[in-house]
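# Summary of the model geometry
Next come the chains, spelled out residue by residue.
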Amino acid sequence: LQAFGQKPNTSLTNWPTDGQNQLPSYGATYLWILYLDEHYGGTSFVSSLVKNRSVGISGINQVLQLHGFRQSFSSVFSDWKVANYLDDEIFAQGRFGYRKINIKVKTHRKHRSYPINVTGDRLEGYATHYLEFSNFRIGQQISFDFESRGRFPFDIRTIELARGRPINVNNLQLSNSGRGNQILPSTDEMADTVVVVPSLEELTNVLGKSISPYDYRAEVDREVMTQTFVLKNPIHSRYWEILMVLS
């Protein structure tokens, strides 16, 4: 688990070959099966998965349908990647947490100054990055722009936290061209940190690994500072003038 925690951008579906380090992939697979076990029917679900003749994504979709769930592999993965960051058994009725283990994943980038312009980050299919934005005043908003530069679709979740506690999890909608914009935080609650969680999905009937670069930009709304001065009227001594200066 620790190996995956240090490398959460490990693909769940593409295992490394040629003697590369496979420990993060073992950790990812273990967490994935544990999440299915805890949230989608326990041992009976896992047993059906083992017995199912289909392998990979199609096999999981079949077993989800067999057990009466409307979710797909992709939608479960989207929740799973949030659970790996939050691991919170209380928030959202435990939807984004584990009961049997504790997991902590490494943040890909931490941003504390703005504006930001990042280009050329890359992800494999069903791999995840965690992008943390903080050091903005409560009440300020971040304008976040995302753009993919490949043919494979991205899934993006946003996590809003206040003093380390989750208060909201949202989807960031992308156009067919892979572009999206969102104002963060998206609620009126007192969030002091936002985590953007992109992951790359895969296309069926496409040979080889799914790999795609992406770019993003973020800027914080400019604060307007005011100074107020009270001055005595030079003509009418009984009156005072109030002057407000914006900066």
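Residues numbered from 1 in each chain as written. Predicted model: local features only at pLDDT ≥ 70, side-chain atom pairs only at ≥ 80, totals over all residues. Heavy atoms only, no water.

### Some details on the sheet that holds strand β3 (residues 131-133)
Sheet architecture is open: five strands sit in the order β1-β3-β8-β5-β6, paired in mixed fashion. Two strands close off the open sheet at either side, each with one partner strand: β1 (109-111) and β6 (165-171). Within the sheet, the average angular offset between the axes of one strand and its neighbour, ignoring direction, is 20°. Helix-sheet contacts for helix α5 (residues 73-86) involve β3, β5 (154-162), β6 and β8 (193-200), and the interaxial angle to β5 is about 35°. (Pairing = 2+ DSSP bridges. Helix = DSSP H or I, 4+ residues; strand = E, 2+ residues; numbered from the N terminus. Axes fitted to C-alpha atoms, helices over the stretch in contact; angles between N-to-C directions. Contact = heavy atoms within 4.5 Å.)

### Some points on the sheet that holds strand β9 (residues 211-220)
Strand order in the open sheet made by the four strands is β2-β9-β4-β7, with antiparallel pairing throughout. A single partner strand is all that each edge strand has here, and the edge strands are β2 (116-124) and β7 (179-184). Neighbour-to-neighbour, the strand axes of this sheet turn through a mean angle of 20°, independent of strand direction. Bridge analysis of β2 against β9 gives seven bridges, and the strand direction is antiparallel. The partner of Asp-121 across the bridge, within β9, is Tyr-214.

### With respect to the nonpolar core
Core analysis: the largest hydrophobic core is formed by 35 residues, its most contacted members being Leu-12, Trp-32, Trp-80, Tyr-85, Leu-86, Tyr-98 and Ile-159. Examining the composition of this core, we find that eight residues originate from one element, α5, more than from any other. The residues touching Ile-159, leaving out its near neighbours within four places in the chain, are Val-82, Tyr-85, Leu-86, Asn-168, Val-169, Thr-193, Val-194, Val-195 and Val-197. Val-118, Phe-144, Phe-146 and Phe-152 belong to the second largest nonpolar core, which has 21 residues in total. (Core = buried A, V, L, I, M, F, W, Y, C linked by side-chain atoms within 4.5 Å. Buried < 20%, exposed > 50% of the residue type's maximum accessible area, 1.4 Å probe, protein only.)

### Focus: helix α4 (residues 56-66)
Those residues of α4 lying buried are Gly-59, Ile-60, Val-63 and Leu-64. Taken around the axis of α4, the buried residues stretch over an arc of 135°, which confines them to a single face. Those residues of α4 that are exposed and aimed more than 90 degrees away from the buried face are Gln-65 and Leu-66. Packing partners of the buried residues in α4 comprise α2 (23-39), α3 (42-51) and α5. Just beyond α4, the residue with positive phi is Gly-68, at close to 85°. (Arc of directions from axis to C-beta.)

### Regarding the pairing of β6
Relative to β6, β5 runs antiparallel, the two sharing six bridges. Each bridged residue has a counterpart across the sheet, and for Arg-157 the counterpart in β6 is Asn-171. Counted between consecutive antiparallel strands, the loop separating β5 from β6 contains two residues, among which Arg-163 sits at a positive phi close to 55°.

### Considerations on the packing of aromatic side chains
Taken as a whole, this structure holds 23 aromatic pairs when the rule is applied. Relative to Trp-80, the ring of Trp-32 has its centre 5.5 Å away and its plane inclined at 85°; by these criteria the two rings are edge-to-face. With Trp-32 in helix α2 and Trp-80 in helix α5, this pair connects stretches of sequence that are 48 residues apart. Among the aromatic residues, ring-to-ring pairing joins Phe-4, Trp-32, Phe-73, Phe-77, Trp-80 and Tyr-126 into one connected group. (Phe/Tyr/Trp six-rings, centres within 6.5 Å; stacked < 30°, edge-to-face > 60°.)

### Examining the pairing of β7
Only one face of β7 is covered, namely the one carrying Gly-180, Gln-182 and Leu-184; the face carrying Arg-179, Asn-181 and Ile-183 has none of its residues buried. Pairing geometry for strand β4 (residues 142-148) and β7, over six bridges, is antiparallel. Along β7, the bridge assignment pairs Asp-145 with Asn-181.

### Quick notes on α3
All of the buried residues along α3 are Gly-42, Phe-45, Ser-48 and Leu-49. Projected onto a plane normal to the axis of α3, the buried residues spread over an arc of 135° and lie on a single side. Residues of α3 that are exposed and angled more than 90 degrees away from the buried face: Thr-43, Val-50 and Lys-51. Of the surrounding secondary structure, the elements contacted by the buried residues of α3 are α2 and α4.

### Describing the environment of Thr-10
If you trace the backbone, Thr-10 turns up in the loop between α1 (2-6) and α2. In this structure Thr-10 comes out as buried when scored by relative accessible area, which is 10%. For the pair Thr-10 and Pro-24, spaced 14 residues apart in sequence, the C-alpha separation works out to 6.5 Å. When residues no more than four places from it in sequence are discounted, the contact partners of Thr-10 are Phe-4, Pro-24, Ser-25, Tyr-126 and Ala-127. Among the polar contacts listed, one links the side chain of Thr-10 to the backbone oxygen of Lys-7, at a separation of 2.6 Å. (Polar contact = N/O pair within 3.5 Å; in protein donor to acceptor, adjacent residues only side chain to side chain.)

So, to be careful, I would describe these as geometric facts and stop short of saying anything about function.
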